[in-house]
Amino acid sequence: MLTMQGIHKIYRTEQIETHALSDFDLEVEAGQFLAVMGPSGSGKSTFLNVAGLLDGFDRGSYHLDGADVSRLSDREMSRIRNEKIGFIFQGFNLIPDLDVFDNVDVPLRYRGMKARARREAIEEALQIVGLKSRRKHYPSQLSGGQQQRVAIARALVGSPQLIFADEPTGNLDSAMAAEILDLLEKINALGATVVMVTHDAELARRASRQIYLLDGRLIDMQGDAPAPLFGESRVRASAAGATD
């Protein structure tokens with residue numbers, strides 16, 4: 001589904017260069033549920049922006065669903081994002097003046113779908129997240145967990161092959177976070193590839209694969225048995241030992 005090779009992403013100012021991703025390699029198989037962890041400043045957000053075609057990169061190659069997307073125009077990237085990718089953000093990013101139904105409808109309107117087809121897709125997405133009865137409510141009338149469910153329905157409604165979730169439980173209590181993970185597992189079981197950035201080690205363990213980013217580089221934690229999710233100090237020590 002996703003193959004990155006030798007990706008470098010550098011942010012430059014007049015006085016400093018920041019290497020957010022350095023010689024970054026990653027393959028994600030179709031149907032996988034990948035958890036991405038790492039300390040602040042490790043490159044998690046940069047990886048998500050590059051992988052989700054929200055930002056470009058300086059060197060390397062990137063293939064998405066078998067197609068080379070390394071040097072696409074903004075228009076071409078927008079089309080692929082709309083057709084193949086769904087995004088779930090920590091802050092929900094709902095439009096406050098639109099009700100649940102119309103918030104979920106937003107990405108479909110960009111596809112030019114007819115009203116009946118859009119309505120059927122929205123009803124199905126709301127059914128999956130358990131909010132069909134709330135379709136006329138506004139975001140301010142919903143709990144945080146319900147708002148995140150609306151955001152998930154919006155990500156799902158176009159039947160994307162790939163879901164990127166950026167700290168999807170970061171604004172929720174532990175009980176609601178577990179419910180959102182249940183929902184992501186359900187989406188993954190329906191066939192979507194899920195890539196989730198999280199700081200919560202317990203939630204990450206529920207993914208089928210975990211990776212750790214440190215200083216823009218990848219530490220893969222996949223094995224035959226579930227690998228432990230190291231604390232930051234142990235990862236730094238491991239990385240240093242590998243360098244020596």
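Residues numbered from 1 in each chain as written. Predicted model: local features only at pLDDT ≥ 70, side-chain atom pairs only at ≥ 80, totals over all residues. Heavy atoms only, no water.

Participant: Explain the overall build of the protein chain here, please?
Facilitator: When helices and strands are counted, the protein chain shows eight helices and ten strands. Within the protein chain, the proportion of its 244 residues that are buried is 46%. Residue pairs at least 24 apart in sequence account for 69% of intrachain contacts in the protein chain once pairs closer than 6 positions are excluded. Just so you have it, the protein chain exposes about 12,200 Å², and 46% of that area is on carbon and sulfur atoms. (Helix = DSSP H or I, 4+ residues; strand = E, 2+ residues; numbered from the N terminus. Buried < 20%, exposed > 50% of the residue type's maximum accessible area, 1.4 Å probe, protein only. Contact = heavy atoms within 4.5 Å. Areas by Shrake-Rupley, 256 points an atom, 1.4 Å probe, with all protein chains shown as cover.)

Participant: What is the right way to look at the nonpolar core in this model?
Facilitator: The biggest cluster of nonpolar side chains holds 40 residues, and the ones touching the most others in it are Leu126, Val129, Ile152, Ile163, Leu184 and Ile187. Broken down by secondary-structure element, the contributors of at least two residues to this core are strand 3 (33-37), helix 3 (100-109), helix 4 (115-129), helix 5 (144-156), strand 7 (162-166), helix 6 (174-189), strand 8 (193-197) and helix 7 (201-204). Once residues within four sequence positions are removed from consideration, isoleucine 187 is found in contact with Ile152, Leu156, Ile163 and Ala192. Ranked by size, the runner-up nonpolar core spans 29 residues in total, among them Ile7, Val28, Leu34 and Phe57. (Core = buried A, V, L, I, M, F, W, Y, C linked by side-chain atoms within 4.5 Å.)

Participant: What's the story with the packing of aromatic side chains in this structure? I'm lost.
Facilitator: For the coordinates displayed, the defined rule picks out three aromatic pairs. Summarising the aromatic geometry, the rings of phenylalanine 87 and phenylalanine 89 are spaced 5.9 Å apart at their centres and angled 10° between planes, so their arrangement reads as stacked. On the accessibility criterion, phenylalanine 87 (17% relative accessible area) is buried. Here phenylalanine 89 falls in the partly exposed class, since its relative accessible area comes to 26%. Relative to phenylalanine 164, the ring of phenylalanine 87 lies with its centre 6.0 Å away and its plane at 25°, an arrangement referred to as stacked. Placement of the pair is phenylalanine 87 in strand 6 (residues 85-89) and phenylalanine 164 in strand 7, with a sequence separation of 77 residues. An aromatic cluster of three or more residues is present, and its members are Phe87, Phe89 and Phe164. Directly above the ring of phenylalanine 101 sits lysine 136, whose terminal nitrogen or CZ lies 5.2 Å from the centroid. (Phe/Tyr/Trp six-rings, centres within 6.5 Å; stacked < 30°, edge-to-face > 60°. Lys NZ or Arg CZ within 6 Å of the ring centre and 35° of its normal.)

Participant: Before we go on, may I ask you to explain a negative patch on the surface in this structure?
Facilitator: A surface patch of negative charge is lined by Asp23, Asp25, Glu27 and Glu29. You can see aspartate 25 is positioned in strand 2 (residues 17-28). (Patch = residues over 30% accessible without salt bridge, like charges linked within 9 Å, V, L, I, M, F, W, Y side chains within 5 Å. Salt bridge = Lys/Arg side-chain N within 4 Å of Asp/Glu carboxyl O. Lys, Arg positive; Asp, Glu negative; His and termini not counted. Charge placed at Lys NZ, Arg CZ, Asp CG, Glu CD.)

Participant: Looking at this model, I keep getting lost on the packing of helix 3 against helix 4. Mind explaining?
Facilitator: When two helices pack together, their arrangement is captured by the angle between the axes and the distance separating the axes. At a closest axis distance of 10 Å, the pairing of helix 3 and helix 4 adopts a crossing angle of 125°. Judged by the angle between their axes, helix 3 and helix 4 are oblique. Crossing hand, helix 3 versus helix 4: right-handed. Residue-level inspection shows Val100, Phe101, Val104, Asp105, Leu108 and Arg109 of helix 3 in contact with helix 4, the latter providing Arg118, Arg119, Ala121, Ile122, Glu123 and Leu126. (Axes fitted to C-alpha atoms, helices over the stretch in contact; angles between N-to-C directions. Parallel < 35°, antiparallel > 145°, perpendicular 65-115°, else oblique. Left-handed = near helix turned anticlockwise from the far one by under 90°.)

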